[in-house]
Amino acid sequence: MLSTMQDGQLSLARLLRHGSTVHSEAEVITWTDSGARRETYGEVGKKAAKLANALRGLGVTGDQRVATFMWNNAEHLTIYAAIPAMGAVLHTLNIRLFPEQLVYVANHAEDHVVIVDGTLVPLLAKQLPEMKTVKHVIVANGDASTLEAPAGVQVHSYSALLDAQSDEFDWPEIDERSAAAICYTSGTTGDPKGVAYSHRSIWLHSMQVCMSDSMRLAQGDKALVIVPMFHAMSWGLPYAALMVGASLLMPDRFLQPKPIAEMLEVERPEFAAAVPTVWQGLLQQLDANPQDISYLKEVVIGGSAVPPSMMHTFQERHGVTVVHAWGMTETSPLGSVARPPKAATGDAAWAYRYSQGRFPASVTARLVGDSGDVLPWDGESVGELEVQGPWIAGAYLGGADVDPDKFHDGWLRTGDVGKITHDGFLTLTDRAKDVIKSGGEWISSVDLENAVMGHPAVAEAAVVGIPDEKWDERPLVAVVVKEGQSVTAEELRDYLTDKVAKWQLPENWTFVDEVPKTSVGKFDKKRLRAFHNEGKLDISHL
Ligand code: AMP
């Protein structure tokens, strides 16, 4: 029997119309070198219409790709709103990609237009001549005349283009299954892989972001969105904010601990989202310059494992609750969120919060063992996590031949290794490629990192496996000591004795100024291993 229900399309044109009318008074607040500049969602809606008219004027039709090379700011939100709503496809270029990768993704996605922030023009200009399909570059928040156009490319000023347009646009009906936006994985091996989100997947994902068991974004909230709009769609926060009328506080290029502390002080958001390394910097800044941040109801942290010590510092020193979440570019990115069951209290509740979280109804998960057997959810069996659902990628852009190993029988192989409790809480122990195999047993690099980062003198610790004649592999710990503090390898090893199994205690330690990071701020273990292989690390063997 067919249902009797209408078949309205879950399109981002509907989302934009809704956000810019029903929530016309919500704001996008952009941080600048002279404080905040504000724009309402009503104004964003009008500018989105102007942008869509301008792009039509430049000949953008159908599902042509419009790329951004931008910080998190009001203009980027306008572009997020306008491009999919007009039926074109948004491609958020990661401004921190290596030049060859940047050229690769622009050519692979066949970007037709690039909208670039004025401050980023020098970074883009070098690679622009190699971006074969780009015909138009639009410079926002800056002077378009600073960009010398390569042959066949026209350069425009964003504000001049928009000024000449009507603030109304006849947003088309769009099939909810068509592509709305593309993000490339920041994979440290091989070429980046493209994920094309659909209007439908973004819509459903936005609803999930707002659910109270999830990120709980709600009308009237002000959310500080540090996670870049070019990384996994800023965890879905911009579209979710338009859906429910939450305001967005956008840090633009001011991503260092000091300006973040300033924007917190001035704007007092209730909610914030970023990867652990950003918070590590902010917590150190707050240690040196104490400031009340207890107006933050919650801080969502994901992208890498959150050390329990960070959660306790937030809670006990600042009165702020950390919500741990797991996801990946291929999962839109929301996969799981760690909110303890209501009945759990005390240490039991903390144990749930340390985990990567619980799967929502739309994310179906399973664990697969080495021999392909599906493992039980007993909180102990460890295997590779596989997921499926309506906002999970079923293939990479380019078709089934691109990295076919990642997908099988309708499941996405995440490459993450962990265990799941009977009630659906995931604990990751590693990336499959980062697990340390020592004497036939596995050592979790994440467990070791969390344990070392619990030491009060340690700012950051990254652990990789290095070859060992006797054990195959042993852990090497790279430690960044907090400013003004000191600690030795022996002291750290002693500190670990009651925290990890004796055979896991690392004997190889190195002290570094900084752990190398990927383009999205995660520990770059591949580079750390390369530093080791090239003999660049000064190692103490205990
Ligand atoms: P990306 O596609 O760049 O967002 O990277 C996704 C990967 O980041 C996942 O497959 C995990 O390996 C890692 N990741 C994301 N969130 C977490 C988390 N909460 N704990 C541990 N690893 C995480």
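Residues numbered from 1 in each chain as written. Predicted model: local features only at pLDDT ≥ 70, side-chain atom pairs only at ≥ 80, totals over all residues. Heavy atoms only, no water.

Along its sequence, the protein is organised into domain 1 (12-28 + 38-198) and domain 2 (436-541). Opposite the 6 residues of domain 1 that make contact, domain 2 presents 5 residues. Taking both partners together, domain 1 and domain 2 bury about 470 Å²; carbon and sulfur atoms supply 56% of that area. At the junction of domain 1 and domain 2, the tally comes to 1 residue pair in polar contact (both at pLDDT 80 or more). Taken together, the residues of the side of domain 1 that touches domain 2 break down into 1 nonpolar, 4 polar and 1 charged. (Domains from an automatic or database assignment. Contact = heavy atoms within 4.5 Å. Buried area = accessible area lost by both parts, 1.4 Å probe. Polar contact = N/O pair within 3.5 Å; in protein donor to acceptor, adjacent residues only side chain to side chain. Nonpolar A, V, L, I, M, F, W, Y, C, P; charged D, E, K, R; others polar.)

On to the pairing of strand β11 (residues 247-250), then. Side chains Ser 247 and Leu 249 of β11 all project onto a buried face; the interleaved residues Leu 248 and Met 250 project onto the opposite face, where all are buried too. One ladder, built from 3 bridges, connects strand β1 (residues 27-32) with β11; its direction is parallel. Within β11, the position partnered with Ile 29 by the bridge is Leu 249. As defined by bridge partners, strand β10 (residues 222-225) adjoins β11 across 3 bridges and the pair is classed as parallel. (Buried < 20%, exposed > 50% of the residue type's maximum accessible area, 1.4 Å probe, protein only. Helix = DSSP H or I, 4+ residues; strand = E, 2+ residues; numbered from the N terminus. Pairing = 2+ DSSP bridges.)

Attention now goes to the site of the ligand. Taken together, the neighbourhood of the ligand is formed by 16 residues, with Ala 325, Thr 329, Asp 416, Arg 431 and Lys 522 sitting nearest. Within the contact set of the ligand, a nitrogen atom lies 2.9 Å away from a side-chain nitrogen or oxygen of His 324. At the level of elements, β14 (321-327) and β22 (425-431) are the ones that each hand at least two residues to the shell around the ligand. When the residues that make up the shell around the ligand are grouped by side-chain class, the tally is 5 nonpolar, 8 polar and 3 charged. (Near = heavy atom within 4 Å.)

Turning our eyes to something else, we now look at helix α8 (residues 237-244). Most of α8 sits out of view: 8 of its 8 residues are buried. Taken together, the buried positions of α8 are occupied by Leu 237, Pro 238, Tyr 239, Ala 240, Ala 241, Leu 242, Met 243 and Val 244. The first or second residue beyond α8 is Gly 245, which carries a positive phi of 80°.

So, about the packing of helix α2 (residues 41-57) against helix α3 (residues 74-85). For the pair α2 and α3, the least separation of the axes is 8 Å and the interaxial angle reads 55°. In this view, α2 runs oblique relative to α3, as classed from their interaxial angle. Viewed along their axes, α2 and α3 form a crossing whose handedness is right-handed. Every residue of α3 that contacts α2 at Tyr 41, Val 44, Lys 47, Ala 48, Leu 51 and Leu 55 is listed here: Leu 77, Thr 78, Ile 79, Ala 81, Ala 82 and Ile 83. Across the contact of α2 with α3, the residue classes tally to 10 nonpolar, 1 polar and 1 charged. (Axes fitted to C-alpha atoms, helices over the stretch in contact; angles between N-to-C directions. Parallel < 35°, antiparallel > 145°, perpendicular 65-115°, else oblique. Left-handed = near helix turned anticlockwise from the far one by under 90°.)

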